Amino acid sequence: MLVETEKMFNSEEVIEEFEALTRDAGRVQEETLRRILVENGETEYLLKWGLGGRTDPESFKACIPIALHEDLEPYIQRIADGDDSPILTSKPITTISLSSGTTQGKPKFVPFSDELMNSTMQIYKTSFAYRNRYSKVSSFEKKRFL
């Protein structure tokens, strides 16, 4: 089973893809922000702050304040209560997870769309690939320690 999993998951390919994306991280971040703003420009949250369909980083920084989870809780609670209108995202919320509650002692709702779930899984995959790369022990070292 482990051999089959290793064949399906190529750590070096995952690392190469991640490193290619991060060579020009600033550009990738701006493209990602622009894509998010285009997809979510009509959400209640962005309309509230007057972004008005603009998708450039400067407008985003000028219009949208830095938000804490507590600022978003009323919106998240509406989603948890079944409101499926485009409140925070135009994508359907498919999962609501509970945080561990270690930050302030109280678990918090964390909404996920399929796209966000896939991005989260990619983060875990990349982390696993790097851990796998750096935790491998060479056959010489295995013999030395056995």
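Before any of the text, the structure's been laid out above.
Residues numbered from 1 in each chain as written. Predicted model: local features only at pLDDT ≥ 70, side-chain atom pairs only at ≥ 80, totals over all residues. Heavy atoms only, no water.

S.K.: Got a minute to help me understand the pattern of salt bridges in this structure?
M.R.: Once the charged atoms of two side chains with opposite charge are near each other, the side chains can pair. Counted according to the given criterion, the structure contains 8 salt bridges. The closest approach of N and O atoms between Glu-12 and Arg-133, which form a salt bridge, is 2.7 Å. Of this pair, Glu-12 sits in helix α2 (residues 11-22) while Arg-133 sits in helix α7 (residues 114-135), placing them 121 residues apart in sequence. Given the relative accessible area of 34%, Glu-12 is considered partly exposed. Among the charged side chains, a network of salt bridges with common partners joins Arg-35, Glu-39, Lys-91 and Glu-115. (Salt bridge = Lys/Arg side-chain N within 4 Å of Asp/Glu carboxyl O. Helix = DSSP H or I, 4+ residues; strand = E, 2+ residues; numbered from the N terminus. Buried < 20%, exposed > 50% of the residue type's maximum accessible area, 1.4 Å probe, protein only.)

S.K.: Can you help me understand the packing of α2 against α7 in this one?
M.R.: The relative placement of two packed helices comes down to the angle between their axes together with the axis-to-axis distance. Two elements in contact, α2 and α7, have axes separated by 9 Å at closest approach and are oriented at 115°. For the pair α2 and α7, the sense of crossing is left-handed. Contact residues: Ser-11, Glu-12, Val-14, Ile-15, Glu-17, Phe-18 and Glu-19 in α2; Gln-122, Lys-125, Thr-126, Ala-129, Tyr-130, Asn-132 and Arg-133 in α7. (Axes fitted to C-alpha atoms, helices over the stretch in contact; angles between N-to-C directions. Left-handed = near helix turned anticlockwise from the far one by under 90°. Contact = heavy atoms within 4.5 Å.)

S.K.: Before we go on, may I ask you to explain helix α6 (residues 69-80) in this structure?
M.R.: Working note: α-helix, 3.6 residues per turn, so residues spaced by three or four point in the same direction. Among the residues of α6, Tyr-75, Ile-76 and Ile-79 are the ones counted as buried. Within α6, the buried residues cover an arc of 105° as seen down the axis, which keeps them to one side. In this structure, the buried side of α6 is in contact with α4 (44-48), β1 (93-98) and β2 (109-113). Just downstream of α6, Gly-82 is the residue with a positive phi angle, here 110°. (Arc of directions from axis to C-beta.)

S.K.: Looking at this structure, how should I read a nonpolar patch on the surface?
M.R.: A contiguous nonpolar patch, built from Ile-96, Leu-98 and Phe-109 and spanning about 250 Å² of accessible area, is present on the exposed surface. Looking at the element boundaries, Ile-96 is found in strand β1. Looking at Ile-96, the relative accessible area reads 33%, which means it is partly exposed. (Patch = residues over 30% accessible without salt bridge, like charges linked within 9 Å, V, L, I, M, F, W, Y side chains within 5 Å. Areas by Shrake-Rupley, 256 points an atom, 1.4 Å probe, with all protein chains shown as cover.)

S.K.: Sorry if this is basic, but what is going on with the side chain of Thr-43 here?
M.R.: Note on placement: Thr-43 falls in the loop between α3 (25-40) and α4. Here Asn-40 takes part through its backbone oxygen, which lies 2.9 Å from a polar atom of the side chain of Thr-43. When residues no more than four places from it in sequence are discounted, the contact partners of Thr-43 are Pro-86, Ile-87, Leu-88, Thr-89 and Ser-90. (Polar contact = N/O pair within 3.5 Å; in protein donor to acceptor, adjacent residues only side chain to side chain.)

S.K.: In this structure, what is going on with the nonpolar core? I would like to understand it.
M.R.: One broad rule of soluble globular proteins: the nonpolar side chains tend to lie buried together. Counting 10 residues, the largest nonpolar core consists of Leu-33, Leu-37, Tyr-45, Leu-46, Leu-51, Cys-63, Ile-64, Tyr-75, Ile-79 and Ile-87. Residue assignment for this core shows that the elements contributing at least two residues are α3, α4 and α6. Setting aside anything within four residues of it in sequence, one finds Tyr-45 in contact with Ile-64, Pro-65, Ala-67, Leu-72, Tyr-75, Ile-87 and Leu-88. One finds Phe-9, Ile-15, Ala-129 and Tyr-130 within the second-largest nonpolar core, a separate group that totals 5 residues. (Core = buried A, V, L, I, M, F, W, Y, C linked by side-chain atoms within 4.5 Å.)

S.K.: How should the packing of aromatic side chains be read in this particular structure?
M.R.: The relative placement of two aromatic rings is captured by the distance of their centres and the angle of their planes. Under the counting rule described, the total for this entry stands at 4 aromatic pairs. Ring geometry for Phe-18 and Tyr-130: centres 5.9 Å apart, planes at 80°, overall edge-to-face. Note that Phe-18 is positioned in helix α2 and Tyr-130 in helix α7, a separation of 112 residues in sequence. For Phe-18, a relative accessible area of 35% corresponds to the partly exposed category. Ring centres of Tyr-130 and Tyr-134 lie 6.4 Å apart, and the angle between their planes is 15°; this geometry places the pair in the stacked category. Linking Tyr-130 with Tyr-134, this pair stays in helix α7, spanning 4 residues, or about one helical turn. Judged by its relative accessible area of 61%, Tyr-134 falls in the exposed class. Taken together, the aromatic side chains of Phe-18, Tyr-130 and Tyr-134 make up a single cluster linked through ring pairs. (Phe/Tyr/Trp six-rings, centres within 6.5 Å; stacked < 30°, edge-to-face > 60°.)

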